[in-house]
Amino acid sequence: MNEQSKSHYARLRNDDYRFLRGNVLDIGCGPDPIKLPPPAVVTGWDLKDGDAQYLTTLDDRSFDTVVSAHCLEHMVCVPTSLKNWARVLKTGGYLSASVPSWTFYERHQWPSRYNGDHKASFDLIDPVVRPAHAFYTMRDMRRIGLECGLTLEDARIEIDNYDLARTWDKRLDQTMGKAQAQVTFIFFKA
């Protein structure tokens with residue numbers, strides 16, 4: 001819910017706006033596309049545009065930047081999605097994908113108690129016991145990125161307006177308000 005808007009302060013903190021420029025594709029934007037000042041031009045991609053896993057109507061190397069906030073976890077195949085997201089990215093461009101944190105959002109529960117459409121979960125580090133469902137860590141994302149011609153430049157947990165003292169209450173999805181609990185992966189296409 002409004003994940004691009006909620007990510008604004010994390011992007012400021014991490015100086016991410018420096019590479020969010022040019023012709024920008026926002027995958028899974030819904031009613032909350034990323035807001036960038038001109039001369040950036042943002043093109044939104046959502047369900048009405050087709051399957052975000054394949055982006056079949058988009059030309060190769062047509063975007064300077066690709067961003068996605070809370071869409072990748074809905075894809076049937078994360079590696080195929082990243083391959084096609086990288087395909088539409090120009091050489092020298094960046095891909096930024098934010099996804100819910102397995103630790104803070106999913107709280108190590110599967111299937112997701114907050115969103116039944118989640119097909120994969122993500123975290124920075126490998127857990128002691130790896131979940132049986134589609135699960136990706138920073139190491140996995142680095143490997144998949146390399147297979148797609150992308151270098152993982154940054155990976156981080158972003159927790160904003162999230163009350164860690166309330167994590168015991170598993171019925172409460174804090175992200176329905178102003179809180180976010182996400183992992184962000186930043187890739188570069190050389």
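Procedures and definitions
- Position labels on residues start from 1 in each chain and follow its written sequence.
- Per-residue local features are limited, in this predicted model, to residues with pLDDT of at least 70; the limit for side-chain atom pairs, both in listing and counting, is 80 or more; totals at the level of whole chains, interfaces and linings are taken over all residues.
- Each side-chain value is derived from all of the structure's non-hydrogen atoms; neither hydrogens nor water enter the calculation.
- Segments assigned H or I by DSSP are reported as helices when at least four residues long, segments assigned E as strands when at least two residues long, and all are numbered from the N terminus.
- Based on C-alpha atoms, the radius of gyration is set beside the globule rule, defined as 2.2 Å times the residue count to the power 0.38.
- Burial status follows relative accessibility: with a 1.4 Å probe on protein chains alone, a residue under 20% of its type maximum counts as buried, one over 50% as exposed, and anything between as partly exposed.
- Throughout, a residue-residue contact means that at least one pair of heavy atoms, one from each residue, lies within 4.5 Å.
- The accessible surface values rely on the Shrake-Rupley method and a 1.4 Å probe; as for residues, cover is taken only from the protein chains in view.
- Positive charges come from Lys and Arg, negative ones from Asp and Glu, while His and the chain ends are left out of the count.
- Where a charge lies is defined by one atom per residue type, namely NZ (Lys), CZ (Arg), CG (Asp) and CD (Glu).
- Criterion used throughout: strands pair if DSSP finds at least two bridges between them.
- Convention adopted: a line fitted to C-alpha atoms gives each axis, helices being fitted over their contacting stretch, and angles between N-to-C directions are expressed from 0 to 180 degrees.
- Each direction from the helix axis to a C-beta atom contributes to the arc, which is the arc of those directions.

Novice: Provide a residue-level description of the overall build of the protein chain, including the pertinent values.
Specialist: Looking only at helices and strands, the protein chain has four helices and eight strands in total. Ordering the α and β elements of the protein chain from the N terminus gives α-α-β-β-β-α-β-β-β-α-β-β. For 190 residues, the compact-globule estimate of 2.2 N^0.38 gives 16 Å, and the C-alpha radius of gyration of the protein chain, at 16 Å, lies within 12% of that figure. Residue burial in the protein chain is summarised as follows: out of 190 residues, 50% are buried. Across the protein chain, every contact between residues at least 6 apart in sequence was considered, and the portion connecting residues at least 24 apart equals 65%. As displayed, the protein chain has an accessible area near 9300 Å², and 56% of this comes from carbon and sulfur atoms. Computed over 24 positive and 25 negative side-chain charges, the inter-centroid distance for the protein chain is 1 Å.

Novice: Residues and numbers for the sheet that holds strand β3 (residues 63–69), please.
Specialist: In space, the six strands of this open sheet follow the order β2-β1-β3-β4-β8-β7, with mixed pairing throughout. Of all strands in the sheet, those with a lone pairing partner are β2 (41–45) and β7 (150–160), marking the two edges. Strand-to-strand twist in this sheet, taken as the mean axis angle between neighbours without regard to direction, amounts to 15 degrees. Direction of pairing for β3 relative to strand β4 (residues 89–100): parallel, over a ladder of six bridges. Along β4, the bridge assignment pairs Val-66 with Leu-95. Against the sheet, helix α3 (residues 78–87) makes contact with β1 (23–27), β3, β4, β7 and β8 (180–189), and its axis sits at roughly 145 degrees relative to β4, the strand it touches most. The strands that helix α4 (residues 138–147) touches are β7 and β8; relative to β7, the one it contacts most, it runs at about 145 degrees.

Novice: Would you mind going over α4 in detail, with residue names and values included?
Specialist: Regarding α4, the residues found buried are Asp-140, Met-141, Ile-144 and Gly-145. Down the axis, α4 shows its buried residues gathered within 130 degrees of arc, on one side only. Along α4, exposed side chains directed more than 90 degrees from the buried face belong to Arg-139 and Leu-146. Elements in contact with the buried residues of α4: α3, β5 (121–122), β6 (135–136), β7 and β8. Backbone geometry just downstream of α4 places Gly-149 in the positive-phi region, at approximately 85 degrees.

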